[in-house]
Amino acid sequence: MNIAEAKSKVEEKGFLDIEVDVQMDLFVEIERLKKEKNAIVLAHYYVDGDIQDVSDFLGDSLGLAQKAQSTNADMIVFAGVHFMAETAKILNPTKKVVLPDLKAGCSLADSAPAGLFKAFKEKHPDHLVISYINCTSDIKALSDIICTSSNAEAILHSLPKDQKVIFAPDKNLGAYLNKKTGRDMLLWSGACMVHEIFSLEKIIKLKVRNPNAKVIAHPECEEAVLRIADFVGSTTQLLKYAVTDKAVEFIVATETGILHQMQKDAPYKTFIPAPPNNGCACNDCPYMKLNSIEKLYLCMEYETPEILMDEDLRLAAKKPIDRMLEISRAAGLLG
Ligand code: SF4
């Protein structure tokens, strides 16, 4: 397919469907494009290892949002999923933001359709809305404060104890926060397909076979898994814990992409992905895995697919993100 044809089909396909010369060293090409276009590659921990290795900044949602806000680059290349690239555009509207594949969505974000959520919010006018960053810009625009799993507790602590709160869209993270903070937030019933798939029974069997292994889990996992975990934390917190803790074996209950960085930072330790409740590799996020090194190269070279946003929506969605960043800064959570 030629470039004009491929560009005309981006909406339909999600990416530029152009054959890449197999002889080309894409790592060298990506470095060249970074310099030529003053571009920065931001990558989430859940993308493939080769993309993590070529990124300028690797992080979780909070770190990526902060980096997207502070960068001087002219082009932000976001190796992650759509809501993350959208957040980068919301925070940095003058920059060009490109995403390797527009179809890299998120089952959690999809679990909160804006119309239904608006009706739910209107039924509870005395509630403040806190939304996890894994949501669409429409949901962000309906929220008072955005949070990530790194700063959610700090955000709740910054509010009066009697403040009524709706938490969306992740019911597991919401229930975990209710338990940890003693709050009684009203929870929207959304969930992430990757974090809901872990099998408690199989994790326990794995633990019996590896008695010295510690179970570490992301708070998007179901309550039963969190109950048996030795440590619960955001992706960055899990990485830090796995590297600094005395244990040398870990069963990791989150998306498998993080194992690449864990293994790099602690090569002498063993990291075992927690098993899903079926035979397939369903703890790989299918959306994150739509990113490939070829698509990354193509979106940098042709600056397509690009994230574009309606300005009113962008401004409405920015407000609760700014509040999150302010509270996080005051709590000393930003670097
Ligand atoms: S792992 Fe879950 S929450 Fe994260 S991007 Fe994938 S579907 Fe969304």
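Residues numbered from 1 in each chain as written. Predicted model: local features only at pLDDT ≥ 70, side-chain atom pairs only at ≥ 80, totals over all residues. Heavy atoms only, no water.

A. Expanded view of the site of the ligand. Inspection of the region around the ligand gives Tyr46, Val81, Cys106, Ser107, Leu108, Asn134, Cys192, Val194, Glu220, Cys285, Tyr287 and Met288 as its neighbouring residues. Residues belonging to the shell around the ligand are distributed by class as follows: 9 nonpolar, 2 polar and 1 charged. (Near = heavy atom within 4 Å. Nonpolar A, V, L, I, M, F, W, Y, C, P; charged D, E, K, R; others polar.)

B. Region of interest: the pattern of salt bridges. Per the stated rule, a full pass over the model turns up 21 salt bridges. Of the charged contacts, one joins lysine 37 and glutamate 303 as a salt bridge, the two residues approaching to 3.0 Å between their closest N and O atoms. Of the two residues, lysine 37 is situated in the loop between α3 (26-36) and β1 (39-44) and glutamate 303 in the loop between α16 (293-302) and α17 (311-330); the sequence distance between them amounts to 266 residues. By relative accessible area, glutamate 303 is classed as partly exposed at 23%. Ionic pairing is found between arginine 314 and glutamate 311, a salt bridge with its closest N-O pair at 2.9 Å. Highlighted residues: arginine 314 and glutamate 311, both in helix α17, separated by 3 residues, approximately one helical turn. The class of arginine 314 is buried, set by a relative accessible area of 7%. Via salt bridges that share partners, Glu29, Arg32, Glu36 and Glu301 belong to a single interconnected network. (Salt bridge = Lys/Arg side-chain N within 4 Å of Asp/Glu carboxyl O. Helix = DSSP H or I, 4+ residues; strand = E, 2+ residues; numbered from the N terminus. Buried < 20%, exposed > 50% of the residue type's maximum accessible area, 1.4 Å probe, protein only.)

C. Summary view of the sheet that holds strand β8 (residues 186-187). Read across the sheet, 4 strands follow the order β6-β5-β7-β8 without closing on themselves; strand pairing throughout is parallel. A strand with exactly one partner marks an edge of an open sheet, and here the two such strands are β6 (145-147) and β8. Sheet topology note: the strand β5 (residues 128-132)/strand β7 (residues 165-168) ladder contains 4 bridges and is parallel. By the bridge assignment for β7, valine 129 is matched with isoleucine 166. Here helix α8 (residues 114-122) sits on the sheet and contacts β5, β7 and β8; the angle it forms with β7, its principal contact strand, is near 165°. (Pairing = 2+ DSSP bridges. Contact = heavy atoms within 4.5 Å. Axes fitted to C-alpha atoms, helices over the stretch in contact; angles between N-to-C directions.)

D. The arrangement of the sheet that holds strand β10 (residues 231-232) in detail. The sheet built from 4 strands is open, its strands ordered β10-β9-β11-β12 with parallel pairing. Only two strands of the sheet have a single partner each, and these edge strands are β10 and β12 (270-273). For strand β11 (residues 249-253) and β12, the ladder comprises 4 bridges, and the chain directions are parallel. Bridge assignment links phenylalanine 250 to a residue of β12, and that residue is phenylalanine 271. Of the strands in this sheet, β9 (214-217), β10, β11 and β12 touch helix α14 (residues 235-244), which is tilted by about 160° from β9.

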